[in-house]
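Residue-level structure breakdown
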Amino acid sequence: LTQFPALVHSLQIPCHSTSPTATASGSSLDAYSSDSSEEEILDPEVSVATCCSQSQPIKSLNELAAWRPGQTVRQPSALAPREDLPTSSPRVLVCHDMQGGYLDDAYLYGNANASAFRLFHWHLIDSFVYFSHHLVTIPPAGWVDLCHRHGVPCLGTFIAEWDSGLEAMRQLLSNEKDAIGWADRLIDLADAGGFDGWLINVEVALPAELVPALQAFVRRLKSKSSLHIVWYDSVITDGQLLWQNSVNALNEDFLIAAGSILLNYCWTADLLKSTAGRLAELQSSSSSALTVYVGVDCFGRGCPGGGGFNCSEAVRMIVENQQLGVGLFAPGWAYETCRSAAEPDEADGDAANLWESLVDRTLEFWAGMTPLLGEPRPLAGRRLNTAFCLGQGVCKWDRGRLVSTNAWNSLRTPMPHYWLCGAEQHLSLCRSRAWQGGGCLRVALSGGRRRRHRRQWRLRIAFVRALKLVYSLDSVFEDRPLDPVTVCLVAKYRRHSSSVDSIGGGAQRQQQQQLIVLCHSSESRLSCSEMATVQSHYSVGSGGGSSQTLVFPRTVRREVEGDAYSEAGGAAGHGGVVWHMVYTEAADPALVDSNNKDAGYVDKDCVLEQLCLFFILPSRLESTEPVCVYLGQVKVALVRDRPLAATCD
């Protein structure tokens, strides 16, 4: 969703091995009262098995030698596929480094910190490194699962520093055979933990005679083709600890051995230029891709721009050299510095204000960089499910009912892959009601002339099989005889058709547009005026193309009573919220209703451009009378197993 603070934190597009026909067949709306049909199509069961409940690092080689697979927490989630990154977009690596690591995130089942650190901008991240200052940093299972849901490889860290690090490296690199054995140990550890590779950071000076064993160690790690290995710009080819802040003859052997390098952050514009040139030379003679991430220290230590909210200045310098990627180090800066920047009442422990400050500050930090980091990285899959929950809250709801008033936090809660570009005043998170989890999305609408509002998901997908929309309204409207807001879920298709030019006789390609109102909150069909409003908003039929509007024929609507909660007063309420649930299912894969048998638009040239929420306010509402729609859940299942590029716009 564009322009919004921390919005849909439960978008998940899991990769299931089930075939699309298997999940779509045999279901019926007749069973909807028990939700069996809906759950079968929209959210098939995924099993989760774990070994233990808390993630911990390995602090010495003795611990690494004694490690056994059963000691590692594992989440069995596969890495969700993504579409290829456009060549114009820089690769982005995020290195976690959050207050030493293993805080709230260490617990598989979460804890009670409703304001725990979160990353929101998964659509802009290509790799994630969990970092701490222990010898072997194993990413907590929650981070691994969260990364994989967004198609982001999750890496652990091997770091040697200080006297203890030097002693460990002398033992590890005593000879090449031992070095390879220790590398195999790290390979097994990544496999057992379900994560995707290692950042290798050797920040101790080594005797020159140990360097060949170090290079063999790195090459062995890289020999496991499925692992991502990133070398940190530290030790050079003669063993000295000299940060180069560039790629040159002193560190390029490590880049070639690992395949990727994260440069130190004290670089200059001239060093960037020389690095881009040297990378091009190395790449021309390499059989595999080489990636250079230029370090950006978010705390600003020697980094151009000075870090903080000025990180965008450093990123802008990097992306001017198109061959180079961006390595954001410690983006938790916005979180760590929030308390010192908070207002007095926030610093004194007002949890609600502190949480809002954390979200706003994180968004402000990313806002300057977002336009520089290229196109959103779309996922590929067949299902979209968002309950607009951040994986944390002051209490918890299940299907609208308040089931707990205890604060909670869990990375295991599915979070979204969405597009954030700042904040809009009419969009905000609400933690006083929810359909599932700890919150929902509040959309503030105004009456009078502003009767239409869109939130768009840009979807380059096949065809929708089933949908579910759950929303509620301000309680002041619930007792009125007519629902004051019509909520539609609208799909906009685009297809090309051939026609013959009457003048030149040649074939031309014409763009045609179709709108499909997939489901809506009205008990009957939309009126002609309402449908015209939707069509005119999207300019369907303009530009020479033809238009077509269909309506899903099989729709079930229900109302479910829910509970409210006052975060400010800490008071729970029973009732007071009515959740409107609309579930719709295509009669057949052609998405054709009984009034329109033409399924010609369903072909290989048809692309679903947008899936939009559309709100229509009746004219009887005064222009000054606000209306709030609370979105609790949106689920989408597709007919075909074709790539899904889902970025909420």
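Procedures and definitions
Residues numbered from 1 in each chain as written. Predicted model: local features only at pLDDT ≥ 70, side-chain atom pairs only at ≥ 80, totals over all residues. Heavy atoms only, no water. Salt bridge = Lys/Arg side-chain N within 4 Å of Asp/Glu carboxyl O. Helix = DSSP H or I, 4+ residues; strand = E, 2+ residues; numbered from the N terminus. Buried < 20%, exposed > 50% of the residue type's maximum accessible area, 1.4 Å probe, protein only. pLDDT = per-residue confidence, 0-100. Contact = heavy atoms within 4.5 Å. 1 Å grid on protein atoms, 1.4 Å probe; cavity = no way out; pocket = protein on both sides within 12 Å on 5 of 7 lines; lining within 4 Å. Points joined across faces, edges and corners; volume = space filled by probe spheres on them. Nonpolar A, V, L, I, M, F, W, Y, C, P; charged D, E, K, R; others polar. Pairing = 2+ DSSP bridges. Right-handed = clockwise from strand over helix to strand, strands pointing away. Polar contact = N/O pair within 3.5 Å; in protein donor to acceptor, adjacent residues only side chain to side chain. Phe/Tyr/Trp six-rings, centres within 6.5 Å; stacked < 30°, edge-to-face > 60°. Lys NZ or Arg CZ within 6 Å of the ring centre and 35° of its normal.

Named according to an unreviewed UniProt entry, the chain is Mannosyl-glycoprotein endo-beta-N-acetylglucosaminidase originating from Macrostomum lignano.

Focus on the pattern of salt bridges
Scanning the model with the defined rule gives eight salt bridges in all. Taking the shortest distance from any N to any O, the salt bridge between R220 and D184 comes out at 2.8 Å. A residue pair is termed long-range when its members are at least 10 positions apart, and R220 in helix α7 (residues 211-223) and D184 in helix α6 (residues 176-193) qualify at 36 residues. Residue classification places R220 among the partly exposed positions, given a relative accessible area of 33%. The class for D184 is partly exposed, based on a relative accessible area of 25%. With a closest N to O distance of 3.9 Å, R401 and E561 form a salt bridge. In this pair, R401 sits in strand β13 (residues 401-404) while E561 sits in strand β23 (residues 554-566), placing the two residues 160 residues apart along the sequence. Linked by salt bridges that have partners in common, E252, R278 and E281 make up one network.

Things to note about the confidence of the model for the chain
Note that predicted coordinates carrying low pLDDT should not be read in detail. Averaged over all residues, the pLDDT of the chain is 75; the fraction at 70 or higher stands at 65%. Residue range residues 419-424 is modelled with pLDDT below 50. Its contacts to residues more than four positions away, or to other chains, number 32 contacts.

Focus: empty space enclosed by the protein
For the coordinates displayed, the defined rule picks out three cavities of 30 Å³ or more. Estimated volume of the largest cavity: approximately 90 Å³. Lining the largest cavity, in full, are S115, A116, F117, R118, F120, Y335, W355, L358, V359, T362, L390 and Q392. Ranked by the residues each element gives to the lining of the largest cavity, the list is headed by helix α14 (residues 351-367), at four residues. Broken down by class, the residue content of the lining of the largest cavity amounts to eight nonpolar, three polar and one charged. In this model, the second largest cavity occupies a volume close to 50 Å³. Along the lines of polarity and charge, the residues of the lining of the second largest cavity split into seven nonpolar, three polar and one charged.

Side note on the pairing of strand β6 (residues 228-232)
Within β6, four of the five residues are buried, which leaves it mostly tucked inside the rest of the structure. In the sheet, strand β5 (residues 197-203) pairs with β6 via four bridges, with the strands oriented parallel. Along β6, the bridge assignment pairs I200 with W231. For the segment spanning β5, α7 and β6, crossover handedness is right-handed. Here two bridges tie β6 to strand β7 (residues 260-263), and the two strands are oriented parallel to one another. Bridge assignment links W231 to a residue of β7, and that residue is I261. In this view, the connection linking β6 to its parallel neighbour β7 by way of helix α8 (residues 252-258) has right-handed handedness.

Looking at the pairing of strand β8 (residues 291-297)
A large share of β8 lies buried, amounting to seven of its seven residues. Along β8, one buried face is formed by T291, Y293, G295 and D297 and the opposite face, lined by V292, V294 and V296, is buried too. The pairing of β7 with β8 spans four bridges and is parallel. Each bridged residue has a counterpart across the sheet, and for S260 the counterpart in β8 is T291. One crossover worth recording links β7 to the parallel β8 by way of helix α9 (residues 269-284), and it is right-handed. The pairing of β8 with strand β9 (residues 325-329) spans five bridges and is classified as parallel. Within β9, the position partnered with Y293 by the bridge is G325.

Let's talk about the side chain of D297
Looking at where D297 falls in the secondary structure, it is placed in strand β8. Its relative accessible area of 0% is what places D297 among the buried residues. Here the side chain of D297 touches F299 through a polar contact of 2.9 Å, landing on its backbone nitrogen. Setting aside residues up to four positions removed in sequence, D297 forms contacts with Y265, C303, G307, C311 and F329.

Some points on unusual backbone geometry
The phi torsion at Q99 lies on the positive side, around 50°, for a residue other than glycine. Within the secondary structure, Q99 is located in the loop between β1 (92-95) and β2 (127-129). On the basis of relative accessible area, Q99 is assigned to the partly exposed category, the value being 45%. Backbone geometry places Y102, a non-glycine residue, at a positive phi of 55°. Within the secondary structure, Y102 is located in the loop between β1 and β2. Given a relative accessible area of 14%, Y102 falls into the buried group.

So, helix α4 (residues 141-149)
Counting buried positions along α4 gives eight out of nine residues, so the element sits mostly inside the fold. Inspection of α4 places A141, G142, W143, V144, D145, L146, C147 and H148 among the buried residues, and these make up the whole buried set. On the buried face of α4, the contacting elements are β2, β4 (154-161) and α6. Note on α4: the residue one or two positions beyond its end, G151, has a positive phi of about 75°.

Here we look at the environment of R433
Assignment of secondary structure puts R433 in the loop between β15 (427-430) and β16 (436-437). We classify R433 as buried; its relative accessible area is 9%. In the structure, R433 is positioned 130 residues away from D563 in sequence and 6.8 Å away in space, judged by C-alpha atoms. Leave out the neighbours within four places in its chain, and R433 touches W397, G439, C440, S472, L473, D563, V577, W579 and Y630. Within the structure, the side chain of R433 is placed 2.8 Å from the side chain of S472, a separation counted as a polar contact.

Regarding the packing of aromatic side chains
Under the counting rule described, the total for this entry stands at 15 aromatic pairs. Between the aromatic rings of F309 and W333, the centroid separation amounts to 5.0 Å while the plane-to-plane angle is 90°, which identifies the pairing as edge-to-face. In this pair, F309 sits in the loop between β8 and α10 (311-319) while W333 sits in helix α11 (residues 333-336), placing the two residues 24 residues apart along the sequence. Classification of F309 by relative accessible area gives partly exposed; the value is 32%. Through successive ring pairs, a cluster of aromatic residues spans F117, W122, F128, W143 and Y335. It is R361 that lies over the ring of W333; its NZ or CZ is 4.9 Å from the centre.

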